[in-house]
Amino acid sequence: MLARTLRHLERDGLVSRTVHATVPPRVDYALTEMGATLHLTIQTLVSWTERHQSRIAAARDAYDVRAAAEQAQAEREAAEREALARRVNAGAS
């Protein structure tokens, strides 16, 4: 996954890749001039994330609880449909 991400960044012109013909093989990555222009934007995003990390964590927790409840409800409903189908099939026999 890391290699794929780095290749995408290289393709976009944000990083440069240098392969060294050594044993073991070595590859170096560096920000390009254009990639370096993202520093302020990324730092702003990091700062925003740090300021809101407790709210993000709370939202994730609430989502996980909601998703688990929805999954449990879906499983109960599936079990009820299956039980009903078994009863209908048993009555048809």
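Residues numbered from 1 in each chain as written. Predicted model: local features only at pLDDT ≥ 70, side-chain atom pairs only at ≥ 80, totals over all residues. Heavy atoms only, no water.

Participant: Describe the overall build of the chain, listing the residues and the values that go with them.
Facilitator: Helix and strand content of the chain: three helices and two strands. Sequence-ordered secondary structure for the chain, helices as α and strands as β, is α-β-β-α-α. In terms of principal-axis extent, the alpha carbons of the chain reach across some 75 × 40 × 25 Å. When burial is assessed residue by residue, the chain has 5% of its 93 residues classed as buried. Restricting the contact set of the chain to residue pairs at least 6 apart, pairs at least 24 apart contribute 3%. Roughly 8,100 Å² of accessible area belongs to the chain as shown, and the carbon and sulfur atoms make up 59% of that amount. The distance from the centre of the 13 positive side-chain charges to the centre of the 12 negative ones in the chain is 2 Å. (Helix = DSSP H or I, 4+ residues; strand = E, 2+ residues; numbered from the N terminus. Buried < 20%, exposed > 50% of the residue type's maximum accessible area, 1.4 Å probe, protein only. Contact = heavy atoms within 4.5 Å. Areas by Shrake-Rupley, 256 points an atom, 1.4 Å probe, with all protein chains shown as cover. Lys, Arg positive; Asp, Glu negative; His and termini not counted. Charge placed at Lys NZ, Arg CZ, Asp CG, Glu CD.)

Participant: Run through the pairing of strand β2 (residues 26-31), naming residues and quoting values.
Facilitator: Here six bridges tie strand β1 (residues 15-20) to β2, and the two strands are oriented antiparallel to one another. When the sheet's bridge partners are listed, Val15 is paired in β2 with Leu31. Between β1 and β2, which pair antiparallel and follow one another directly, the connecting turn spans five residues. (Pairing = 2+ DSSP bridges.)

Participant: Go over the confidence of the model for the chain with me, naming the residues and quoting the values.
Facilitator: When the pLDDT values of the chain are averaged, the result is 95; 99% of them are 70 or greater. Per-element averaging of pLDDT across the chain places helix α3 (residues 39-92) at the bottom with 95 and helix α2 (residues 33-36) at the top with 97. (pLDDT = per-residue confidence, 0-100.)

Participant: Could you give an account of unusual backbone geometry, naming the residues involved and the relevant values?
Facilitator: Each neighbour pair has its own omega, and for Val23 with Pro24 the value is -5°, a cis peptide bond. On the secondary structure map, Pro24 appears in the loop between β1 and β2.

Participant: So what's going on with α3? Which residues, and what values?
Facilitator: Relative to the 80 Å expected for 54 residues at 1.5 Å per residue, α3 spans just 70 Å between its end C-alpha atoms, considerably shorter than the ideal helical length. Along its length, α3 shows its largest kink, about 65°, at His52. (Expected span 1.5 Å × (residues − 1). Bend = angle between axes of the 7 residues up to and from the residue.)

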